[in-house]
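Results of the structural survey
Spelled out, the chains give:
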Amino acid sequence: MPTSTTDRTPARVDPRLLDGAPEADGTTRRRVLELVAGEGPVTAGELADRLGLTSAAVRRHLACLEEDGTIAVHEAGPSSGRRGRPARRYVVSARGQSDLAGGYSELAAQVMRYLREIGGTDAVARFAADRYDAVVARYAPRLTASDPQERAAQLADLLSADGYAASVRPVSGPLLPTVQLCQGHCPVQHVAEEFSELCEAEARAFSELLGTHVQRLATIAGGAHACVTNVPIVSTPTSPQNLPTPAHRTRGTQEGTR
């Protein structure tokens with residue numbers, strides 16, 4: 001697996017590919033979908049800048065993705081101070097998340113249901129804890145930064161390498177200096193919709209890896225367009241009485257409400 005220094009700068013796509021073979025067109029469309037997952041809510045113009053394409057070419061792909069239900073418009077106000085209609089911003093839909101996840105979600109859900117049937121909810125919780133203990137063991141040696149914000153950025157890189165389309169976004173005006181760890185894709189979304197123990201164990205893993213109490217504001221499994229975790233950038237050591245706050249609602253007070 002790539003290290004935390006993975007270059008996440010997207011490759012520029014040759015616009016001539018758009019007029020070529022269907023498989024080239026599908027590859028570009030898939031890249032658009034992945035960027036919407038990682039950057040959303042995002043405009044056609046922002047996607048065009050990232051991909052090195054014209055806005056018209058990107059809008060054609062967005063129209064196809066919107067038509068087949070893999071993305072949706074997320075109204076978020078104008079992208080500049082100019083008057084006029086708000087810019088159309090796009091996020092990945094539940095169907096789009098499923099497409100990104102591949103075809104194993106139902107099998108994984110069946111296995112988890114069987115585990116719950118033979119071992120009860122405690123067995124599910126132990127499985128989730130063991131799964132994220134392994135994540136902590138794998139990630140911890142690669143989180144080398146002492147600065148909390150840089151450490152969160154390293155964690156986002158590791159998550160992205162594992163398919164979570166993660167990024168760190170600043171938060172304006174908090175009482176404490178804070179950033180948000182955003183995951184635009186969740187490979188286990190459909191299983192986590194039924195087994196919230198996975199989301200709760202993941203939040204505890206983030207707290208342990210970052211060395212601070214974190215607060216989960218929103219989850220894709222709960223219906224939000226991204227998993228959003230508030231991360232104080234002033235260390236607050238964790239303890240059994242200071243565990244991550246789970247998302248009991250799908251929308252939080254900051255990124256989760258946008």
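Before going into details, it helps to say that this report is about the structure given with it. Worth saying up front: this structure is predicted, and the values here are computed from it rather than measured. (Residues numbered from 1 in each chain as written. Predicted model: local features only at pLDDT ≥ 70, side-chain atom pairs only at ≥ 80, totals over all residues. Heavy atoms only, no water.)

**Notes on the pairing of strand β6 (residues 227-232)**
Put simply, the rule reads: Working definition: with a 1.4 Å probe on protein chains only, accessible area under 20% of the residue-type maximum means buried, over 50% means exposed, and in between means partly exposed. Secondary structure elements follow DSSP: runs of H or I no shorter than four residues count as helices, runs of E no shorter than two count as strands, and numbering proceeds from the N terminus. Strand pairing requires that DSSP identify at least two bridges connecting the strands.
Of all six residues in β6, six are buried, a share of seventy percent or more. The alternating pattern of β6 places Cys227, Thr229 and Val231 and Val228, Asn230 and Pro232 on opposite faces, both of which are buried. In this structure, strand β4 (residues 178-183) lies alongside β6, joined through six bridges in antiparallel fashion. Considered in β6, the bridge of Cys182 is made with Val228.

**Some remarks on the nonpolar core**
The criterion, for reference: The criterion is simple. A nonpolar core is a set of buried Ala, Val, Leu, Ile, Met, Phe, Trp, Tyr and Cys residues joined through side-chain atoms within 4.5 Å. Residues are treated as being in contact if the distance between any of their heavy atoms lies within 4.5 Å.
Formed by 31 residues in total, the largest nonpolar core has its most connected members in Tyr132, Tyr139, Leu155, Leu159 and Leu181. Those elements giving two or more residues to this core turn out to be α5 (105-139), α6 (148-161), β4, α7 (189-192) and α8 (197-210). For this core, the leading source of residues is α5, giving eight residues. Contact partners of Leu181, with chain neighbours within four places excluded, come to Ala152, Leu155, Ala156, Leu159, Ser167, Val168, Phe206, Cys227, Val228, Thr229 and Val231.

**A few points about the environment of Leu209**
Tracing the sequence through the fold places Leu209 in helix α8. On the accessibility criterion, Leu209 (4% relative accessible area) is buried. C-alpha of Leu209 to C-alpha of Val135: the two residues are 74 residues apart in sequence and 9.5 Å apart in space.

**Section: α8**
Using the following cut-off: Working rule for helices: expected span equals 1.5 Å times residues minus one.
For α8, spanning 14 residues, the distance from its first C-alpha to its last is 20 Å, which sits close to the expected 20 Å at 1.5 Å a residue. Looking at α8, one finds that the buried residues are Glu197, Leu198, Cys199, Ala201, Glu202, Ala203, Ala205, Phe206, Ser207, Leu209 and Leu210. Two residues or fewer past α8, Gly211 is found with a positive phi of approximately 70°.

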